Amino acid sequence: MAKLLLAEDDEFSRDMLVRRLERSGYETLAAPDGREAWRLARLHRPDLILMDLDMPVMDGRTAIRKLKSDPLTSPIPIIVLTAHTSVEDVAGAVGAGCQAYEAKPIVFRRLLERIEGLLQAVRPE
């Protein structure tokens, strides 16, 4: 079972996504901000991270840069989940080190396909 880390500050969205991901067969950790996501990623080494960009304490872009500069967490693929979809926002997230970008509101089926594609690329079976 793949382990995912979801960083999302909106409690309702976080809880809903955790429940749906777990029903889809994933072990899921959750963080309310970028700093906690970075801490949990170092501690649990998830297979994939889902990262919101606008969060308190530490925003998603900063968290992505920290994760990608840390040898323990740099190989973990990151999917950004955000309502910010301008060319600049996408370029900033990709520049920080994410591998994929999903706009909110999330289309769950498409998100699952993206998760599976990245997991297969990292762990071919």
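Preceding this section is the structure that the text describes.
Residues numbered from 1 in each chain as written. Predicted model: local features only at pLDDT ≥ 70, side-chain atom pairs only at ≥ 80, totals over all residues. Heavy atoms only, no water.

Undergrad: Honestly, the pairing of strand β2 (residues 27-31) in this entry has me stumped. Any pointers?
TA: Side-chain positions along a regular strand alternate between the two faces of the sheet. By the bridge criterion, five bridges tie strand β1 (residues 3-7) to β2 in an arrangement that is parallel. For Leu6, the partnering residue across the bridge sits in β2 and is Ala30. (Pairing = 2+ DSSP bridges. Helix = DSSP H or I, 4+ residues; strand = E, 2+ residues; numbered from the N terminus.)

Undergrad: Would you take a moment to explain the packing of aromatic side chains for this structure?
TA: Geometry of an aromatic ring pair is reported as the spacing of the ring centres plus the angle between the planes. In this structure the tally under the stated criterion is zero aromatic pairs. The lysine or arginine in question, Arg20, covers the ring of Phe108, its NZ or CZ lying 4.0 Å from the ring centre. Over the face of the ring belonging to Trp38 we find Lys66, whose NZ or CZ atom lies 4.3 Å from the ring centre. (Phe/Tyr/Trp six-rings, centres within 6.5 Å; stacked < 30°, edge-to-face > 60°. Lys NZ or Arg CZ within 6 Å of the ring centre and 35° of its normal.)

Undergrad: Before we go on, may I ask you to explain helix α5 (residues 108-122) in this structure?
TA: Residues separated by three or four positions in an α-helix point in the same direction, a consequence of the helix having 3.6 residues per turn. Counted at 1.5 Å a residue, the expected span for α5 with its 15 residues is 21 Å, and the 21 Å between its end C-alpha atoms agrees. All buried positions along α5 are accounted for by Phe108, Leu111, Ile115, Leu118 and Leu119. One face of α5 carries all of its buried residues, which in axial projection span an arc of 100°. Exposed residues on α5 whose side chains face more than 90 degrees from its buried face are Arg109, Glu113, Gln120 and Ala121. (Expected span 1.5 Å × (residues − 1). Buried < 20%, exposed > 50% of the residue type's maximum accessible area, 1.4 Å probe, protein only. Arc of directions from axis to C-beta.)

Undergrad: Can you help me understand the sheet that holds strand β4 (residues 78-82) in this one?
TA: Two pairing modes exist for strands in a sheet, parallel and antiparallel, and in both the strands are linked by backbone hydrogen bonds. If you trace the five strands from one edge of the open sheet to the other, you get β2-β1-β3-β4-β5, paired in parallel fashion. One side of each edge strand has no neighbouring strand; the edge strands of this open sheet are β2 and β5 (100-103). In this sheet, adjacent strand axes meet at a mean angle of 20° when their direction is disregarded. As paired elements, β4 and β5 share four bridges and run parallel to each other. Across the sheet, Val80 pairs through a bridge with Tyr101, a residue of β5. Strands in contact with helix α3 (residues 60-69) are β3 (48-51) and β4; relative to β3, the strand with the most contacts, it is inclined by about 160°. (Axes fitted to C-alpha atoms, helices over the stretch in contact; angles between N-to-C directions. Contact = heavy atoms within 4.5 Å.)

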